[in-house]
Amino acid sequence: AALLERLLMNEAARVLERAYEMNGHTTDASLDEASLHEVVTSYLLMFHRTTDDISADEHRLFKELAQQGEDDYYSGLAEFGHDMVRNFIYARRHRTNPFTPQLYSFELAAQIVDALVHRYGRGQNAECTL
């Protein structure tokens, strides 16, 4: 079980790296909140498709559908990602300085993605039992 979880987390990190790349960031860059939301949305879109092997144009199209609300499913994914980021930020509020702009490292983004994958999986399991 531990090996499987480690393999899944390695895959999640690889997809997260690709999400950074698709949004013009490197993994050593610190992201502001807006950029973090973009990266998490990209991650979710690729995670849902179970591949990160999509073109930049295809990726941009999926993000536009999600952000414009033209596709309920992709909009729901984007909203789920947005909620997860906001929940993460809220949970950390006592450990951050409210008077300085908050920046988020790749490691923090990976923590969000880890929580997101677990929550997403539970939601998918619930849908399967309906």
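Please read all numbers here as calculations on a predicted model, not as lab measurements.

Student: Where do I start with the nonpolar core in this structure?
Tutor: Counting residues in hydrophobic clusters, the biggest one holds 32 residues, and the most contacted among them are Leu 16, Tyr 20, Leu 36, Tyr 43 and Leu 116. When contributions to this core are tallied by element, the ones reaching two or more residues are helix H1 (2–22), helix H2 (33–48), helix H3 (56–68), helix H4 (72–91) and helix H5 (106–128). Top contributing element to this core by residue count: H4, with eight residues. Excluding residues within four positions of it along the chain, Leu 16 makes contact with Val 39, Tyr 43, Phe 106, Ala 109, Ala 110 and Val 113.

Student: Which parts of the structure should I look at to understand the packing of H2 against H4?
Tutor: Between two packed helices, the angle of one axis relative to the other and the distance separating the axes together describe the packing. Remark: H2 packs on H4, axes separated minimally by 9 Å, with the N-to-C direction vectors making an angle of 135°. Taken as axis vectors, H2 and H4 run oblique relative to one another. Of the two elements, H2 crosses H4, and the hand of that crossing is right-handed. On H4, the residues that touch Glu 33, Leu 36, His 37, Val 40, Thr 41, Leu 44, Leu 45 and His 48 of H2 are Tyr 73, Tyr 74, Leu 77, Ala 78, Phe 80, Gly 81, His 82, Val 85, Arg 86 and Ile 89. Looking at side-chain class alone, the contact of H2 with H4 contains 11 nonpolar, five polar and two charged residues.

Student: Can you walk me through the pattern of salt bridges in this structure?
Tutor: Pairs may arise between side chains of opposite charge once their charged atoms sit close together. Per the stated rule, a full pass over the model turns up three salt bridges. Of the charged contacts, one joins Arg 86 and Glu 33 as a salt bridge, the two residues approaching to 2.5 Å between their closest N and O atoms. One end of the pair, Arg 86, is in helix H4; the other, Glu 33, is in helix H2, with 53 residues separating them in the sequence. Assessed through its relative accessible area of 37%, Arg 86 is described here as partly exposed. The residue Asp 57 makes a salt bridge to Arg 60 at a minimum N-O spacing of 2.4 Å. Of this pair, Asp 57 and Arg 60 both sit in helix H3, separated by three residues, roughly a single helical turn. A relative accessible area of 55% means that Asp 57 is categorised as exposed. Judged by relative accessible area, Arg 60 falls into the partly exposed class, the value being 43%.

Thresholds applied
Along each chain, residues carry numbers from 1 onward, in the same order as the chain's sequence is written. Only residues with pLDDT of at least 70 get local features here, since the model is predicted, and only at 80 or more are side-chain atom pairs given and counted; chain-wide, interface and lining totals rely on the full set of residues. Note: side-chain values were computed over all heavy atoms of the structure, leaving out hydrogens and water. Residues belong to a common nonpolar core when they are buried Ala, Val, Leu, Ile, Met, Phe, Trp, Tyr or Cys residues joined through side-chain atoms within 4.5 Å. Between buried and exposed lies partly exposed: a residue is buried under 20% and exposed over 50% of the maximum accessible area for its type, with that area taken using a 1.4 Å probe on protein chains only. Starting at the N terminus, helices and strands are each numbered in turn, a helix being any DSSP run of H or I of at least four residues and a strand any DSSP run of E of at least two. Two residues qualify as a contact provided that any one of their heavy atoms is within 4.5 Å of a heavy atom in the partner residue. For every element, the axis is a line fit to its C-alpha atoms; helices are fit only across the contacting stretch, and the angle between N-to-C directions ranges from 0 to 180 degrees. Oblique is the label for any angle not under 35 degrees, not over 145, and not in the 65 to 115 range, which are roughly parallel, roughly antiparallel and roughly perpendicular in turn. When the near helix sits turned anticlockwise from the far one by under a right angle, the crossing is termed left-handed; a clockwise turn instead gives a right-handed crossing. Residues are grouped as follows: Ala, Val, Leu, Ile, Met, Phe, Trp, Tyr, Cys and Pro are nonpolar; Asp, Glu, Lys and Arg are charged; every other residue, Gly included, is polar. Salt-bridge detection follows one rule: a side-chain nitrogen of Lys or Arg within 4 Å of a carboxyl oxygen of Asp or Glu.

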